[in-house]
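A closer look at the structure
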Amino acid sequence: LPMTNASGMDFPAFDISAIELYERPVRLRLPFRFGVVTLTHAPQAFARVHIRLADGRESSGAAAELLAPKWFDKTLALTNDDNFDQLRDSCHGARAHDLADRGPRTAFGHFAARHGTQQAAGAARGLNPLVAGFGPALIDRAVLDALCRHAGLSFAAAMRRNLAGIVANDLAPDLAGFDVAAFLGQLQAVQAIDARHTVGLVDPITAADQKAGARVADGLPETLEEVVGRYHHRWFKLKVQGDIGADLDRLTRIAAVLDKAGTAYHASLDGNEQYDDIDAVIALWRRITETPALAKLAAAIAFIEQPVNRKTALARDVTKLSDLKPVIIDESDDTLDAFRRAKALGYRGVSSKTCKNLYRSILNACRCAAWNAAPGAARYFMSGEDLTTQAGLAVQQDLALVAFLGLGHVERNGHHYVDGFRGAPAAEQQAFLAAHPTLYHRAGDVVRLTIADGRIDLSSFERPGFAAGAEPDWTSLTAMPEPNRIYPT
């Protein structure tokens with residue numbers, strides 16, 4: 001039966017009757033290096049979920065996410081294929097739990113009921129909390145899509161009504177007393193958002209950086225200089241590699257391109273866990289501010305992302321660095337209370353990624369609102385981040401989430417490293433283009449994400465469902481393999 005909150009609002013309860021898991025191979029048009037891996041290909045996971053409400057009516061929903069290696073688990077003993085299997089394990093584990101633990105619950109109730117069990121089962125199989133949470137994050141989005149479609153509501157409209165039944169329960173005891181429904185009810189999704197372009201560690205800055213014969217020549221930008229000329233971005237995400245000398249050299253070459261464009265720009269500095277300790281990051285930042293050629297770039301940097309390895313990132317206070325430039329956690333955001341623990345150590349922000357679960361983002365947004373309500377404390381924030389979300393459900397649902405949270409910019413890199421819907425059936429591409437004519441455009445035989453003047457138009461999301469409007473061609477996908485192994489940690 002529907003559950004009711006203190007304000008009398010009904011939270012529809014339902015049973016999850018079926019979950020289907022699929023994959024499609026994705027090949028990158030350009031290699032993408034982040035941290036310790038250079039990615040050239042990976043599977044994309046798809047989930048289709050069927051729900052049955054108390055009155056017998058049924059609905060279905062879908063979600064997608066790339067199986068990205070060496071972000072969820074950076075253990076060097078694991079190959080990329082090992083990482084793919086870890087994420088598949090997580091998906092199958094979440095599916096098995098949801099289908100075994102039947103019973104009517106709210107959308108958030110299904111997430112909450114599964115969370116502890118999934119984490120414990122994952123740990124027993126050698127999966128860290130981020131990996132263990134990947135499968136639930138995928139399935140929870142498909143569940144919410146089904147619920148939104150059933151209610152005839154867009155994601156933003158459903159969240160404002162708290163259709164998912166999000167409450168401050170035992171998973172977020174620090175939010176006891178915070179009115180989650182009232183907070184969600186006053187949010188208004190932005191209709192357009194700045195795309196923060198990622199400059200990966202092997203990305204060419206100018207044509208001079210490209211080796212002879214290395215150009216893809218597919219009509220899309222390849223160098224940073226070409227990206228700026230095509231999309232006119234105002235936001236950038238600059239990755240560093242943990243070597244101060246090499247990082248300064250690369251940042252100087254990046255700054256030369258961005259400064260030459262002649263328009264105001266902003267950036268984040270992504271440490272990707274590459275520095276051993278905060279003192280080394282402070283040394284890098286001081287060198288940046290002392291380098292004349294980096295003066296404009298230094299002024300443009302809004303925050304620093306996860307510069308220290310997750311093994312020690314939450315073991316030492318970072319206030320000295322955050323006082324110079326705000327620092328956020330990303331990979332260290334591996335449990336539902338990680339942001340709260342990070343705050344106590346001087347961190348000022350946290351990333352939002354749909355692969356870490358939309359409910360985690362919502363709860364962390366509630367935390368920012370609660371903490372910033374204190375006198376003189378309006379300094380905590382969220383940052384929208386990408387994990388090469390692909391054209392279609394993955395990028396749409398991530399964009400819908402950060403738009404609802406009111407974020408003004410979001411890292412977007414999937415459109416740069418992968419050529420839109422290439423590899424998907426023509427009918428599928430056309431269906432998404434027809435549903436989202438301002439989000440996508442056709443370029444020859446492929447449909448691509450549209451970025452104009454550095455921004456993405458999100459107005460097409462005001463339709464029933466979790467920013468869907470179209471679905472993959474399910475017949476073109478393959479069933480997701482079910483690994484059965486224990487992974488080294």
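Here is what the cut-offs are and how they apply
Residues numbered from 1 in each chain as written. Predicted model: local features only at pLDDT ≥ 70, side-chain atom pairs only at ≥ 80, totals over all residues. Heavy atoms only, no water. Helix = DSSP H or I, 4+ residues; strand = E, 2+ residues; numbered from the N terminus. Rg over C-alpha atoms; globule rule 2.2 N^0.38 Å. Buried < 20%, exposed > 50% of the residue type's maximum accessible area, 1.4 Å probe, protein only. Contact = heavy atoms within 4.5 Å. Lys, Arg positive; Asp, Glu negative; His and termini not counted. Charge placed at Lys NZ, Arg CZ, Asp CG, Glu CD. pLDDT = per-residue confidence, 0-100. Core = buried A, V, L, I, M, F, W, Y, C linked by side-chain atoms within 4.5 Å. Salt bridge = Lys/Arg side-chain N within 4 Å of Asp/Glu carboxyl O. 1 Å grid on protein atoms, 1.4 Å probe; cavity = no way out; pocket = protein on both sides within 12 Å on 5 of 7 lines; lining within 4 Å. Points joined across faces, edges and corners; volume = space filled by probe spheres on them. Nonpolar A, V, L, I, M, F, W, Y, C, P; charged D, E, K, R; others polar. Pairing = 2+ DSSP bridges. Axes fitted to C-alpha atoms, helices over the stretch in contact; angles between N-to-C directions. Phe/Tyr/Trp six-rings, centres within 6.5 Å; stacked < 30°, edge-to-face > 60°. Expected span 1.5 Å × (residues − 1). Bend = angle between axes of the 7 residues up to and from the residue. Polar contact = N/O pair within 3.5 Å; in protein donor to acceptor, adjacent residues only side chain to side chain. Parallel < 35°, antiparallel > 145°, perpendicular 65-115°, else oblique. Left-handed = near helix turned anticlockwise from the far one by under 90°.

Here we take up the overall build of the chain. Within the chain, the secondary structure is distributed over 16 helices and 17 strands. In terms of overall dimensions, the chain is globule-like: its C-alpha atoms have a radius of gyration of 22 Å, near the 23 Å expected for 489 residues. By principal-axis analysis of the C-alpha atoms, the chain measures approximately 65 × 55 × 45 Å. Going through the 489 residues of the chain one by one, you find that 60% of them count as buried. Contacts spanning at least 24 positions in sequence make up 75% of the contacts within the chain whose residues lie at least 6 apart. Distance between charge centroids for the chain: 2 Å, based on 53 positive and 57 negative side chains.

The next subject is the confidence of the model for the chain. For the chain, per-residue confidence averages 95 on the pLDDT scale, and residues scoring 70 or more make up 98% of the total. Overall, residues 1-8 carries pLDDT values under 50, and its contacts beyond four positions in sequence, including any with other chains, amount to 15 contacts.

What follows concerns the nonpolar core. By size, the foremost hydrophobic cluster in this structure holds 159 residues, and its most contacted members are L144, I166 and Y440. The element that contributes the greatest number of residues to this core is helix α3 (residues 129-151), accounting for 11 residues. Ignoring sequence-local partners within four residues, the contact set of I166 consists of F108, M159, V180, L184, Y359, I362 and L363.

In this structure the tally under the stated criterion is 49 salt bridges. Notably, a salt bridge pairs E305 with K237, separated by 2.8 Å at the nearest N-O pair. Taken as a pair, E305 in strand β9 (residues 301-305) and K237 in strand β7 (residues 235-239) lie far apart in primary sequence, 68 residues in all. The exposure class of E305 is buried, given its relative accessible area of 0%. Look at K237 and you get buried, because its relative accessible area is 2%. One continuous salt-bridge network, built from bridges that share partners, spans R196, K237, K239, D270, E305, E385 and E411.

Looking now at the layout of surface pockets. Space inside the largest pocket adds up to approximately 460 Å³. Lining the largest pocket are 18 residues, with D73, K74, T75, R310 and K311 positioned closest to its centre. Counting residues per element, the ones that place at least two in the lining of the largest pocket are α3 and α10 (310-313). By residue class, the composition of the lining of the largest pocket is 6 nonpolar, 6 polar and 6 charged.

A word on the pairing of strand β13 (residues 409-412). Both faces of β13 are covered, namely the face carrying H409 and E411 and the face carrying V410 and R412. Where strand β6 (residues 192-199) meets β13, 4 bridges bridge the pair, whose relative direction is parallel. Note that in β13 the partner of A195 across the bridge is V410.

Looking now at empty space enclosed by the protein. Under the counting rule described, the total for this entry stands at 4 cavities of 30 Å³ or more. Of the voids in this model, the largest cavity is the one considered here, and its volume is about 110 Å³. Together, 17 residues line the largest cavity, and F34, W71, K239, D386 and L387 are the ones closest to its centre. Put simply, the parts of the chain that give the lining of the largest cavity at least two residues each are β3 (14-34) and β7. A class-by-class count of the residues in the lining of the largest cavity yields 6 nonpolar, 3 polar and 8 charged.

Backbone hydrogen bonds hold the strands of a sheet together, and the pairing may be parallel or antiparallel. Within the open sheet, the 4 strands sit side by side as β5-β4-β3-β17. Their pairing is antiparallel. Only two strands of the sheet have a single neighbouring strand rather than two, namely β5 (58-66) and β17 (478-479). Relative to strand β4 (residues 37-53), β3 runs antiparallel, the two being bridged by 16 bridges. Bridge pairing in β4 places I19 opposite V49. In this fold α3 packs onto β3, β4 and β5, with an angle of close to 145° to the strand it touches most, β5.

Attention shifts here to the packing of aromatic side chains. For any two aromatic rings, the description comes down to two numbers: the centre-to-centre distance and the angle of the planes. Counted by the stated rule, this structure contains 16 aromatic pairs. Between F32 and Y417, the aromatic rings sit 4.3 Å apart at their centres with planes inclined by 25°, giving stacked as the arrangement. Here Y417 lies in helix α15 (residues 414-417) and F32 lies in strand β3, a separation of 385 residues in the sequence. Considered together, F32 and Y417 belong to a single accessibility category, that of buried residues.

What follows concerns α3. Over its 23 residues, α3 runs 32 Å from end to end, which matches the ideal 33 Å to within 8%, given 1.5 Å per residue. Its axis deflected by about 25° at G135, α3 carries its strongest bend there, up to four residues before the proline P136. Among the residues of α3, the N-terminal cap falls to N128, whose side-chain oxygen and the backbone nitrogen of L130 are separated by 3.0 Å. Just past α3, the residue G152 takes up positive phi, approximately 70°.

This paragraph deals with the packing of helix α1 (residues 80-100) against helix α2 (residues 107-124). With their axes 10 Å apart at the nearest point, α1 and α2 run at an angle of 130° to one another. Classed by the angle they form, the pair α1 and α2 counts as oblique. Taken as a pair, α1 and α2 cross one another with a handedness that is right-handed. For the pair α1 and α2, contact is made by S90, G93, A94, H97 and D98 and by A113, R114, T117 and Q118, respectively. Among the residues forming the contact of α1 with α2, the class breakdown is 2 nonpolar, 5 polar and 2 charged.

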